[in-house]
Amino acid sequence: MDFLFCCLHRGSSQRNRFSHQTPYDSSLHGSSGEHRGREQNYPVAIPMASLGPGSDYSQDLPRTGPYGNFTDEPEPEETYTPYSTFHMLDYPYIHGISSGSEEVKLSGHVCYSDSFIRRRNRRPPDEIFSTSSSMFETDPVCNEEEDLVGSLASMSTNERIKAIQKMPETMRKKREIRNKVLKEITKKSKHRGAQSTQCLQGAAVVSARSFYSSLSSFPLQSFRRFGNTLSECFHQLRLWHKTLKIIGAEFGTSVLSYFVFLKWLLNLNIFSFLINFGFITIPQFLAAEPNNLSFTGLEVFTGAGYFQQTVLYYGFYTNATISKVENGPSYNMQLAYIFTVGIYFVICFLILLFSMAKFFSRNINSQTFSVNASKLLCTWDFNITNEKAVKLQQKNLHTQIKESLTEVNKEVQNFSVMERVARIATHLLAWLASLGTAVAACAAVYFLSINNLKLFMKGYRNDLESQAVMLVLPVIVSLLNTLIPFFFSWLGHLEKFQTPGQHIYVTITRNTILKMSIVGILCYYWLNIVATSESQCWETLVGQDIYRLVLVDFIFCLLGSFFGEFLRRIIGTTVCMNLGLPEFDIGRNVLDLIYAQTLTWIGILFSPLLPGIQMIAFFIVFFVKKVTNFVSLMRNCQPPRKVWRTAQMMTSFIFLLFCPSFLGVLSVIGVTVWRLKPSEECGPFRGLSSMYAAVDEWIQILQSYTASKWVVWIYHNLISSELFFFILSSVLLVVIYLYWQIIQGRKTMTELLRKQINNRSASSSRQPAQEVPDYPERAFERNQNSSYNELWSLAVALPVDLVFALRMVTQQCQELQQHQHLTFGSRAICPLVATGALEGLSSNSRGLSTQEGAGQALDTNLHIL
Amino acid sequence: MGGSASLIPRDLLSEYQELTFLSKQEILLAYKRFSELLPKEERENACSARVSKSQILTLPELRANPFQHQICHVFSTSESGDDSMSFEDFLDMLSVFSDSATSDIKSHYAFRIFDFDNDGILDRKDLEQLVNCLTGQGEESQLSSAEMEQLIQNILEESDIDKDGTINLSEFQHVVSRSPDFASSFKIVL
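Just so you know, these numbers come straight off a predicted model, no measurement behind them.

Focus on the overall build of chain B
Helix and strand counts for chain B stand at 12 helices and 2 strands. Start at the N end of chain B and walk to the C end: the helices and strands fall as α-α-α-β-α-α-α-β-α-α-α-α-α-α. Among the 190 residues that make up chain B, the fraction classed as buried is 64%. When contacts within chain B are restricted to residue pairs at least 6 apart in sequence, those whose partners lie at least 24 apart make up 55%. Summing over all exposed atoms, chain B offers an accessible surface of approximately 6600 Å²; the carbon and sulfur share of this is 48%.

Okay, here's the thing in structure tokens:
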């Protein structure tokens, strides 16, 4: 209540000035004058017009050029003053809304032109200097400038820097504002009689800059400096920067996003390789036994033989406690193994979660994108700098525009019942066929692998034949993975989807199902059949299987990009043109990457150095794909068409990586660690009932030391306690529910704001232009305009903050008071009204317009009173 | 890069960092690239020199851009109106096109770049010119006048909320706010 009241009060008293910002800020943070806590992306509400006319150096402003006609404007002071208080987002709008009223229109022009002219201000006044307008506006605008400087001065250092950065101004202007703000701060601190006064006297202006830097809090500064040095170091290492820039310049952002994703995976693998190498492999080297198997060279492909006795596989690791010095610190291999893998997965989980959340929040608005033609306004990809690529993009845009124009002209197709039935039947058949193929592929893989295992168990020899047999399974799996997607895309063409988007999403879903079910059946085979077989060391067998899969998949990827993309392009462009020009299929390529990453994650437990191999593979894939893309560009192939939208792409990539892939891997790892019995004769966990038993034993040991009682306590009461997890999950559920409700509220609000914008635009287009003769009425119209503008900028700043929504409702209230001539005298009633209005908005009157909703709520409140 | 670092005074560098969205490295790189555009004898005081428009447009980042003239025009503070750029103008430009600039400021400048006649609104002529830039100036790539008419009509129908036949800054920003790709595509990195 207090908060609302505060909101309202400030809102009403400062309605014109800063009405976007001040009430919001002050109500949130009290009257301390600290404007903290605003989100960075939120448009800084600095009344830009206040920087414009009449500030001390724009007095010599030449008001001519493209805007010269405004100098003849009658009574400029009347039209200027009110608008100079508007938010930077708003002032051009005045021009728009009052399409008929000539004077207001002109003033809108002037206000906007001010912002435009400001840049030109510094060109010498070689044109006529308009006294009449600038004389009049000097006073109020000076105040505005002071206000701006004042508000900037009261911000914290960081906030201020950000606010100044965000001004659409030239460097010189920004510097001027900054220096003024610094002067203001110096003045203030003098008033306060701060200790720094003495050292500042005499040098206030000149040393403003250095004073400023000393003012900013020390830790922040040093932290920043540290960050700078760090980024400097990274800058030297940033090999990628240039490569990625070239890719962006030549193929545009959509292909770039594939490479960014690839780079992201590469970095992830480098990280996990370093972790595994550092904490598992290096200690193992210290305790390594000699390897007496011979190396023939074929092992590189099969991963068996010589490699069995290396750090590549689980089976080689010791279960001993490694200590170099007698009675010195020791290193428990079991714990190191389990904790390294565990912590790695926790870190991965967090990384995925945060990047997913980041991307989701970034394009939260994207679902509402329904416009087509106006997309052109922001469609140009400024990254592209290669001339050929620019030509291609222009050609693409040209065909797109033509297509969309013909689409608009086409009638909406109406299907008869028969056609609809036929359509649904085709879809059903296609789904059946694709699911059937997936099942068949799984069955094939399953029987092949069982057969493979039998062969393997029978003759445990190292000859060429058995090694060739080992390679059959991965080759078949990779073949299925490469060929079935072609079948799926053929099915997709048969189905004749209504939109290309549908086609793409359905194809991707089918491919995901296929890949994940193949991986799933392989996991089932590993965990249920290999693990219970009477082999010496089943973990190593699984590790070898995964190694082969990864390697063959990599080879197929190279072959695929060579034959599938590179050669086909050359043939398609030179020999037979009717093959058509293939595009770089981002969706399929990304799915391949996700598949490879899934295999690596599963393999980490069985073969700790697998990320290192995957890292090299990704590195090679990166450059091979770059070359194939480059060739296609040189051959005038199409870059991928519009269907993939960059911002959504990264989101869906990471989501796919998280949802089926990572979560599936977690469950596989969970089963392995908690349920399965490790082999008796190899690996760090030999002799234990399960891998997790190592932790249990460790806790048992810790119990005997008093110093580590807290670890035991945490283990018993938090980690292994059901009650704790029960409470935790119920708290989480409550939080999720609350957030969900908040999101629902915001959605309603967004809907209402949208509707209102539409209503207003409809009404403004309906009303013919009319001259407004006398001043008070014009003021009223201006009021309307200002609230409209406010509404407008709210919509621009969507997603709205809840506080924003509240403010809006409060303003609705005020409007109601004005319009219906309610004489409530006291403002204290308004918080009540506002909450009532909000309730009315969120619950009953979703369908109603805001005004009506607020009106209803108002009525109910009157009854209460 | 170490050599050029000494050419920008330390406090000036930190000031640039404060006033733009650029990092120290980006500013230094910009300085290097900028001074390369100058003739040899002027390189010593690149901070105060101006580079002519034709020189600026030799940058590979701008060379093929269909909006190159508008970009120069919007960011130039040249007093004679020849669209030449000083180092600070150059930094202003890079700052707006940088990764870390907010999409608010990006859309503001995008609007000004698309506003070919500098009258503060996108009217039909501006839109026509914009579409021509997007599809290329060649004979075969030009849209026919009927198509152009239809296209501009569509654009205005969707984005001109107050129905005055033009698109103003806030309408433009509204359109941009609904296109999450904008921030990543409105980007020029040295």
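That shown, we press on.
A look at the overall build of chain A
For chain A, the helix and strand inventory stands at 29 helices and 2 strands. In chain A, which comprises 865 residues, the share counted as buried stands at 50%. Considering only intrachain contacts with a sequence separation of at least 6, the fraction spanning at least 24 residues in chain A is 77%. For chain A, the computed accessible surface area is about 41700 Å², with 63% contributed by carbon and sulfur atoms.

Side note on the UniProt feature "domain: EF-hand" (unreviewed entry) in chain B
UniProt annotation of "domain: EF-hand" (unreviewed entry) refers to residues 102-137 and 147-182 of chain B when read in the numbering used here. With 64% helix and 0% strand, the stretch residues 147-182 of chain B has end C-alpha atoms that lie 25 Å from each other.

Let's talk about the side chain of A:Thr281
Of note, A:Thr281 is situated in helix H12 (residues 239-286). A:Thr281 has contacts with A:Asn276, A:Val311, A:Tyr317 and A:Leu609, leaving out every residue within four places of it along the chain.

Some thoughts on the environment of A:Tyr505
Structurally, A:Tyr505 can be placed in helix H18 (residues 500-530). The class for A:Tyr505 is partly exposed, based on a relative accessible area of 48%.

Examining unusual backbone geometry
Across the chain, the bulk of peptide bonds are trans and the bulk of non-glycine residues have phi less than zero. All names here are of chain B. Positive phi, close to 60°, is recorded for Asp83, a residue that is not glycine. Inspection of the secondary structure assignment puts Asp83 in the loop between helix H6 (68-75) and strand S2 (85-86). Notably, Asn118 is not glycine yet its phi reads approximately 60°, a positive angle. Here Asn118 lies in the loop between helix H8 (103-114) and helix H9 (124-135). Residue classification places Asn118 among the buried residues on the basis of a relative accessible area of 9%.

Quick look at helix H2 (residues 10-19) of chain B
Of all 10 residues in H2(B), 7 are buried; the element is thus mostly enclosed. Of all the positions in H2(B), only B:Leu12, B:Leu13, B:Glu15, B:Tyr16, B:Gln17, B:Glu18 and B:Leu19 are classed as buried.

Observations concerning a nonpolar patch on the surface
All names here are of chain A. A surface patch of nonpolar side chains, amounting to about 690 Å² of accessible area, comprises Leu723, Phe726, Ile727, Val731, Val735, Tyr739 and Ile742. Looking at the secondary structure, you find Val735 in helix H25 (residues 722-766). Since its relative accessible area comes to 34%, Val735 is described here as partly exposed.

Considerations on the packing of helix H8 (residues 171-191) of chain A against helix H7 (residues 87-96) of chain B
Across the interface, H8(A) lies against H7(B) with an axial gap of 9 Å and an inter-helix angle of 90°. Here H8(A) is positioned roughly perpendicular relative to H7(B), judged by the angle of their axes. Taken together, the residues of H7(B) that come into contact with H8(A) (itself represented by A:Met171, A:Arg172, A:Lys174 and A:Arg175) are B:Glu88, B:Leu91 and B:Asp92.

Some thoughts on the confidence of the model for chain A
All names here are of chain A. Here chain A averages 68 in pLDDT, and 57% of its residues register 70 or above. For chain A, the element scoring lowest by mean pLDDT is helix H2 (residues 22-29), at 35; helix H20 (residues 586-603) scores highest, at 90. Throughout residues 813-865 the model reports pLDDT below 50, and contacts reaching past four residues in sequence, or to other chains, amount to 73 contacts.

Observations concerning the packing of helix H7 (residues 157-165) of chain A against H2(B)
Contact geometry of H7(A) with H2(B) gives a least axis separation of 8 Å together with a crossing angle of 75°. Put simply, H7(A) runs roughly perpendicular to H2(B). Side by side, H7(A) and H2(B) meet where A:Ile161, A:Ile164 and A:Gln165 of the first sit next to B:Gln17, B:Glu18 and B:Leu19 of the second. The residue makeup of the contact of H7(A) with H2(B), split by class, is 3 nonpolar, 2 polar and 1 charged.

Overview of helix H11 (residues 169-177) of chain B
Burial runs high along H11(B): 8 of the 9 residues are buried. For H11(B), the set of buried residues is B:Leu169, B:Ser170, B:Glu171, B:Phe172, B:Gln173, B:His174, B:Val175 and B:Val176.

Concerning the environment of A:Tyr317
Residues and elements named next belong to chain A. Within the element layout of this structure, Tyr317 appears in the loop between helix H13 (299-302) and strand S1 (321-322). Relative accessible area serves as the criterion here: at 0%, Tyr317 is assigned to the buried category. In sequence terms Tyr317 and Gly683 are 366 residues apart; their C-alpha atoms lie 5.0 Å from each other. With sequence-adjacent residues up to four places away left out, Tyr317 is seen in contact with Ile280, Thr281, Gln284, Val311, Met333, Tyr337, Pro608, Gly683, Pro684 and Arg686. Within polar-contact distance, the side chain of Tyr317 engages the side chain of Thr281 at 3.4 Å.

Describing the pattern of salt bridges
This structure, assessed with the given rule, holds 15 salt bridges over all chains. Between B:Glu88 and A:Arg175 there is a salt bridge, with its nearest N and O atoms 2.8 Å apart. On the criterion of chain membership, the pair formed by B:Glu88 in helix H7 and A:Arg175 in helix H8 is interchain, its members lying in two chains. Of the two residues, B:Glu88 and A:Arg175, both sit in the buried class. Two residues, B:Glu18 and A:Arg178, come together in a salt bridge whose shortest N-O distance is 3.0 Å. Highlighted residues: B:Glu18 in helix H2 and A:Arg178 in helix H8, drawn from two different chains. Residues B:Glu18 and A:Arg178 agree in their burial class; the two are buried. In this structure, a network of salt bridges that share partners links the residues A:Arg175, A:Arg178, B:Glu15, B:Glu18 and B:Glu88.

Some details on the state of the cysteines
Any covalent bond linking the sulfur atoms of two cysteines counts as a disulfide. Residues and elements named next belong to chain A. What the rule picks out here adds up to 1 disulfide over all chains. In this model Cys537 forms its disulfide with Cys682; the gap between the sulfur atoms is 1.8 Å. Judged by the sign of its S-S torsion, about 90°, the cystine formed by Cys537 and Cys682 is right-handed. With Cys537 in the loop between H18 and helix H19 (538-574) and Cys682 in the loop between helix H22 (646-674) and helix H23 (693-702), this pair connects stretches of sequence that are 145 residues apart. By relative accessible area, which is 13% here, Cys537 ends up buried.

Considerations on the packing of aromatic side chains
Under the defined criterion, the tally for this structure stands at 43 aromatic pairs over all chains. With a centroid separation of 6.3 Å and 20° between ring planes, the pair formed by A:Tyr314 and A:Phe685 is classed as stacked. Here A:Tyr314, found in the loop between H13 and S1, pairs with A:Phe685, found in the loop between H22 and H23; they are 371 residues apart in sequence, far enough to count as distant. Ring geometry for A:Phe724 and A:Phe725: centres 5.6 Å apart, planes at 75°, overall edge-to-face. Residue class for A:Phe724 comes out partly exposed when judged on its relative accessible area of 29%. The structure contains a cluster of three or more aromatic residues connected by ring pairs, namely A:Trp380, A:Phe382, B:Phe67, B:Phe75, B:Phe97, B:Tyr109, B:Phe111, B:Phe114, B:Phe172, B:Phe182 and B:Phe186. The aromatic ring of A:Trp431 is capped on one face by A:Arg510, whose charged end is 4.5 Å from the ring centroid. Here A:Lys515 stacks its cationic end above the ring of A:Tyr595, 5.9 Å away from the centre of that ring.

Observations regarding the nonpolar core
Looking at soluble globular proteins, one finds that nonpolar side chains tend to be buried together. Residue and element names in this part refer to chain A. Tyr258, Phe261, Trp526, Trp601 and Ile602 are the most contacted members of the largest nonpolar core, which totals 115 residues. No other element matches the 16 residues that H12 contributes to this core. Residue contacts for Tyr258: discarding those within four places in its chain leaves Phe584, Ile586, Asn589, Val590, Leu593, Val621, Lys625 and Phe653.

Description of the side chain of A:Asn511
As for its position among the elements, A:Asn511 is in helix H18. Every residue in contact with A:Asn511, bar those within four places of it in the chain, is listed here: A:Pro485, A:Phe488 and A:Leu591.

Digging into the confidence of the model for chain B
Residue and element names in this part refer to chain B. Residues with a pLDDT of 70 or more make up 95% of chain B, whose mean pLDDT is 83. Looking at the elements of chain B, mean pLDDT is at its lowest for helix H1 (residues 2-5), recorded as 43, and at its highest for H7, recorded as 89. Long-range and interchain partners of residues 1-5, a stretch whose pLDDT sits below 50, account for 5 contacts in this model, where long-range means more than four residues apart. We note a pTM of 0.67 for the whole complex and an ipTM of 0.83 for its interfaces.

The rules behind the values
- Residues numbered from 1 in each chain as written.
- Chains lettered and ligands numbered in written order.
- Predicted model: local features only at pLDDT ≥ 70, side-chain atom pairs only at ≥ 80, totals over all residues.
- Heavy atoms only, no water.
- Helix = DSSP H or I, 4+ residues; strand = E, 2+ residues; numbered from the N terminus.
- Buried < 20%, exposed > 50% of the residue type's maximum accessible area, 1.4 Å probe, protein only.
- Contact = heavy atoms within 4.5 Å.
- Areas by Shrake-Rupley, 256 points an atom, 1.4 Å probe, with all protein chains shown as cover.
- UniProt positions renumbered as here; feature names shortened; annotations may be inferred.
- Patch = residues over 30% accessible without salt bridge, like charges linked within 9 Å, V, L, I, M, F, W, Y side chains within 5 Å.
- Salt bridge = Lys/Arg side-chain N within 4 Å of Asp/Glu carboxyl O.
- Axes fitted to C-alpha atoms, helices over the stretch in contact; angles between N-to-C directions.
- Parallel < 35°, antiparallel > 145°, perpendicular 65-115°, else oblique.
- pLDDT = per-residue confidence, 0-100.
- Nonpolar A, V, L, I, M, F, W, Y, C, P; charged D, E, K, R; others polar.
- Polar contact = N/O pair within 3.5 Å; in protein donor to acceptor, adjacent residues only side chain to side chain.
- Disulfide = S-S within 2.5 Å.
- Phe/Tyr/Trp six-rings, centres within 6.5 Å; stacked < 30°, edge-to-face > 60°.
- Lys NZ or Arg CZ within 6 Å of the ring centre and 35° of its normal.
- Core = buried A, V, L, I, M, F, W, Y, C linked by side-chain atoms within 4.5 Å.

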